[in-house]
Amino acid sequence: MLHEEYDHIILLAHGSPDPLWKQPFESLYEQALALYGRQRCSLAFMELTTPTLEEVTANLPEHVNKVGVLPLFLAVGRHLRKDVPLQIEALQSEQLSMTLLPPIGEDETIKQAMQAVIASHIGKTL
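Note that this is a predicted model, so its numbers are computed, not measured.

Brief notes about the overall build of the protein chain
When you go through the protein chain residue by residue, the secondary structure sums to five helices and four strands. Taken along its principal axes, the extent of the C-alpha atoms in the protein chain is 55 × 35 × 25 Å. When burial is assessed residue by residue, the protein chain has 36% of its 126 residues classed as buried. For the protein chain, the share of sequence-separated contacts (at least 6 apart) that also reach a separation of at least 24 residues comes to 73%. Carbon and sulfur atoms make up 56% of the accessible area of the protein chain, which amounts to about 8100 Å² in all. Placing the 9 positive and 16 negative side-chain charges of the protein chain at their respective mean positions leaves the two points 8 Å apart.

Structure follows, in structure tokens:
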């Protein structure tokens, strides 16, 4: 199971200088904290706001050596093909292994949820 493969999961959102933009991600993170605790997950932003991936990685507990980075993105674009892998490569060390996971938008549960929302706006339920 995925949760057993990693000591820690970093939820990674894009980032924006607009503080209102961060609220949905912070809310998701607060829910994750309530379920799993700070030892198991963190929230980072790729750019334009804090905490950054670098800041979160620097503050990981000492026992953490295998991290999964879970992008809160709908799809793979340039950031997930180039920018984030370069950030992760720069942060890895002998003591810290980091893996970029597929974005949440590729998960079947998310796809079904989006279809349900679309259907509710069109007027048909699934």
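We are not done yet, so read on.
Description of the packing of aromatic side chains
One pass over the structure, following the stated rule, counts two aromatic pairs. On the numbers, 4.6 Å between centres and 40 degrees between planes, the contact of W21 with F25 is tilted. Separated by four residues within a single helix, W21 and F25 lie in helix 2 (residues 19-36), roughly one turn from each other. Exposure remark for W21: the relative accessible area of 28% places this residue in the partly exposed category. Chaining the aromatic ring pairs together yields one cluster made of W21, F25 and F45.

Remarks on the nonpolar core
Judged by nonpolar contacts, the single largest core of 17 residues is most densely connected at I10, L12, L53, V67 and M98. Secondary structure elements with two or more residues in this core: strand 1 (8-13), helix 3 (53-58), strand 3 (66-71) and helix 4 (78-91). At four residues, the largest contribution of residues to this core is made by helix 4. Setting aside residues no more than four positions away along its own chain, M98 makes contact with I10, L53, T57, V67, V69, I88, L91 and Q92.

Points about the pairing of strand 3
Across five bridges, the pairing between strand 1 and strand 3 is parallel. Bridging from a neighbouring strand, I9 pairs with G68 of strand 3. Bridge count for strand 3 against strand 4 (residues 97-100) is four bridges, and the pairing is parallel. Paired with G68 across the strands is T99, a residue of strand 4. After leaving strand 3, the chain enters helix 4 and then returns to the sheet as strand 4, a path that is right-handed.

Side note on the pattern of salt bridges
Scanning the model with the defined rule gives two salt bridges in all. One salt bridge in this structure joins K22 and E26, with 3.7 Å as the shortest N-O distance. Of this pair, K22 and E26 both sit in helix 2, four residues apart, roughly one helical turn.

Cut-offs and rules
Residues numbered from 1 in each chain as written. Predicted model: local features only at pLDDT ≥ 70, side-chain atom pairs only at ≥ 80, totals over all residues. Heavy atoms only, no water. Helix = DSSP H or I, 4+ residues; strand = E, 2+ residues; numbered from the N terminus. Buried < 20%, exposed > 50% of the residue type's maximum accessible area, 1.4 Å probe, protein only. Contact = heavy atoms within 4.5 Å. Areas by Shrake-Rupley, 256 points an atom, 1.4 Å probe, with all protein chains shown as cover. Lys, Arg positive; Asp, Glu negative; His and termini not counted. Charge placed at Lys NZ, Arg CZ, Asp CG, Glu CD. Phe/Tyr/Trp six-rings, centres within 6.5 Å; stacked < 30°, edge-to-face > 60°. Core = buried A, V, L, I, M, F, W, Y, C linked by side-chain atoms within 4.5 Å. Pairing = 2+ DSSP bridges. Right-handed = clockwise from strand over helix to strand, strands pointing away. Salt bridge = Lys/Arg side-chain N within 4 Å of Asp/Glu carboxyl O.

In short, the description is geometric, and any link to function would need to be established separately.
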